[in-house]
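Here's the letter readout for the chains.
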Amino acid sequence: GASMSCAAIILAAGRGERMRPLTDACPKPLLQVRGKPLMQWPLEALARAGVRDVLVNTAWLGEQIANLFGDRFDLSCAQGETVPGTAGSGIRMHYSDEGRDFGGALETAGGIVRALPQLADPFWVLAGDVFVPGFEFSQVDVDDFRASGKLAQIWLVPNPSHNPDGDFGLSDAGLATNQGTPRLTYSTIGLYRHALFALPYCDIVAGNPQGSKAPLAPILRTAIDRCMVSARRYTGAWVDVGTPQRLAQLNQVPES
């Protein structure tokens, strides 16, 4: 039933090549950031937002992720305290094990299409290796997006030094653009409709039984050309934890 469809997919299947040797024995989403596994930060935000079901796609060392979080993530236990009003606010955890099913990661779009039968419509997409501790997964945003008729809404951040040219433009009307300014960087956070992952945007068979590998960017760009992707700026703390240096930097910052 509807209650079992996952409101969010956390992308956690990547090898983390640029993070080696740290990721040789630990999957990137489990690297410690300020005393917690990196992936626990978005799980806490989703729990605060009242999300009840989350799907995680895994491949590289994916059993470590499933073993750590298990079939339930409880906010109060995670924080080692009882937070008022959070009783029964746990998240049911679901996994799409691409490593077991296909011998490796299916890339962003391939992984999403594989998981699509278990995802709500619309659903959140976020990367398990980006640190965005203040992002709110707002139900108002979900409802507004559903009413908009768009196929995706992506959150864009100011360009970090490692991506100076950005990924997408943002029009005055709040649409993502392939050309144009200002140029901003895709935060990896977005809301998506199932229809984006079908023709004419995506040619992977529903449920991806063959394990086709495909990136998300070309699908997004096609939909952007048809004015079907809205975009919003996010100006809170955001770090793509892509290298050991950036991880070390994040962990040097004193707790506020």
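Preceding this section is the structure that the text describes.
Now for a description of the structure that goes with this document.

**Description of the overall build of the protein chain**
Phase 1 of the analysis: Secondary structure summary: the protein chain contains 8 helices and 14 strands in total.
Phase 2 of the analysis: In terms of overall dimensions, the protein chain has a C-alpha envelope of 45 × 40 × 40 Å along the principal axes.
Phase 3 of the analysis: Considering the protein chain as a whole, with its 256 residues, one finds that 51% of them fall into the buried category.
Phase 4 of the analysis: Put simply, of all contacts in the protein chain between residues at least 6 apart along the chain, 76% involve residues at least 24 apart.
Phase 5 of the analysis: When the accessible area of the protein chain is evaluated, it comes to approximately 11,600 Å², of which 52% is carbon and sulfur surface.
Phase 6 of the analysis: Looking at charge distribution, the protein chain has the averaged site of its 22 positive side-chain charges lying 2 Å from that of its 25 negative ones.

**Focus on the environment of Arg193**
Phase 1 of the analysis: Within the fold, Arg193 resides in the loop between β12 (183-192) and α7 (217-225).
Phase 2 of the analysis: C-alpha of Arg193 to C-alpha of Ala105: the two residues are 88 residues apart in sequence and 22 Å apart in space.
Phase 3 of the analysis: In this structure Arg193 touches Asp121, Pro122, Phe123, Phe145, Arg146, Lys150 and Leu151, once residues within four positions along its chain are discounted.

**Things to note about empty space enclosed by the protein**
Phase 1 of the analysis: One pass over the structure, following the stated rule, counts 1 cavity of 30 Å³ or more.
Phase 2 of the analysis: Estimates place the volume of the largest cavity at around 80 Å³.
Phase 3 of the analysis: Taken together, Trp41, Pro42, Leu126, Ala127, Val130, Val132, Pro133, Phe135, Phe137, Ser187, Thr188 and Ile189 make up the lining of the largest cavity.
Phase 4 of the analysis: When residues in the lining of the largest cavity are grouped by element, the largest group, 3 residues, is from β12.
Phase 5 of the analysis: Taken together, the residues of the lining of the largest cavity sort by class into 10 nonpolar, 2 polar and no charged.

**A short note on the packing of aromatic side chains**
Phase 1 of the analysis: Applying the stated rule across the entire model yields 12 aromatic pairs.
Phase 2 of the analysis: The interplanar angle of 35° and the centroid separation of 6.1 Å between the aromatic rings of Phe123 and Phe197 together place this pair among those described as tilted. One end of the pair, Phe123, is in strand β7 (residues 119-127); the other, Phe197, is in the loop between β12 and α7, with 74 residues separating them in the sequence.
Phase 3 of the analysis: On the basis of relative accessibility, which here comes to 0%, the residue Phe123 falls in the buried class.
Phase 4 of the analysis: A ring pair is formed by Trp124 and Phe135, whose centres lie 5.8 Å apart and whose planes are at 85°; its orientation type is edge-to-face. With Trp124 in strand β7 and Phe135 in the loop between β8 (130-131) and α6 (139-148), this residue pair connects regions lying 11 residues apart in the sequence. You'll find Trp124 and Phe135 in the same group, each marked buried.
Phase 5 of the analysis: Aromatic ring contacts, followed pair by pair, group Trp124, Phe135, Phe137, Trp155 and Tyr234 into a single cluster.
Phase 6 of the analysis: The lysine or arginine in question, Lys36, covers the ring of Trp41, its NZ or CZ lying 4.0 Å from the ring centre.

**Observations concerning the environment of Gly190**
Phase 1 of the analysis: Among the structural elements, Gly190 can be located in strand β12.
Phase 2 of the analysis: Contacts of Gly190, omitting those with residues within four sequence positions, involve Phe123, Trp124, Val125, Gln153, Ile154 and Trp155.

**Examining unusual backbone geometry**
Phase 1 of the analysis: The step from Asp121 to Pro122 runs through a cis peptide bond, and the omega angle for that step is 5°.
Phase 2 of the analysis: Mapped onto the secondary structure, Pro122 falls in strand β7.
Phase 3 of the analysis: With an omega of 5°, the peptide bond between Leu199 and Pro200 qualifies as cis.
Phase 4 of the analysis: Along the chain, Pro200 turns up in the loop between β12 and α7.
Phase 5 of the analysis: The backbone phi angle of Thr188 is positive, close to 80°, even though this residue is not glycine.
Phase 6 of the analysis: Take Thr188: it is sitting in strand β12.
Phase 7 of the analysis: For Cys227, which is not glycine, the phi torsion reads 60° and is therefore positive.

Cut-off values and rules
- Residues numbered from 1 in each chain as written.
- Predicted model: local features only at pLDDT ≥ 70, side-chain atom pairs only at ≥ 80, totals over all residues.
- Heavy atoms only, no water.
- Helix = DSSP H or I, 4+ residues; strand = E, 2+ residues; numbered from the N terminus.
- Buried < 20%, exposed > 50% of the residue type's maximum accessible area, 1.4 Å probe, protein only.
- Contact = heavy atoms within 4.5 Å.
- Areas by Shrake-Rupley, 256 points an atom, 1.4 Å probe, with all protein chains shown as cover.
- Lys, Arg positive; Asp, Glu negative; His and termini not counted.
- Charge placed at Lys NZ, Arg CZ, Asp CG, Glu CD.
- 1 Å grid on protein atoms, 1.4 Å probe; cavity = no way out; pocket = protein on both sides within 12 Å on 5 of 7 lines; lining within 4 Å.
- Points joined across faces, edges and corners; volume = space filled by probe spheres on them.
- Nonpolar A, V, L, I, M, F, W, Y, C, P; charged D, E, K, R; others polar.
- Phe/Tyr/Trp six-rings, centres within 6.5 Å; stacked < 30°, edge-to-face > 60°.
- Lys NZ or Arg CZ within 6 Å of the ring centre and 35° of its normal.

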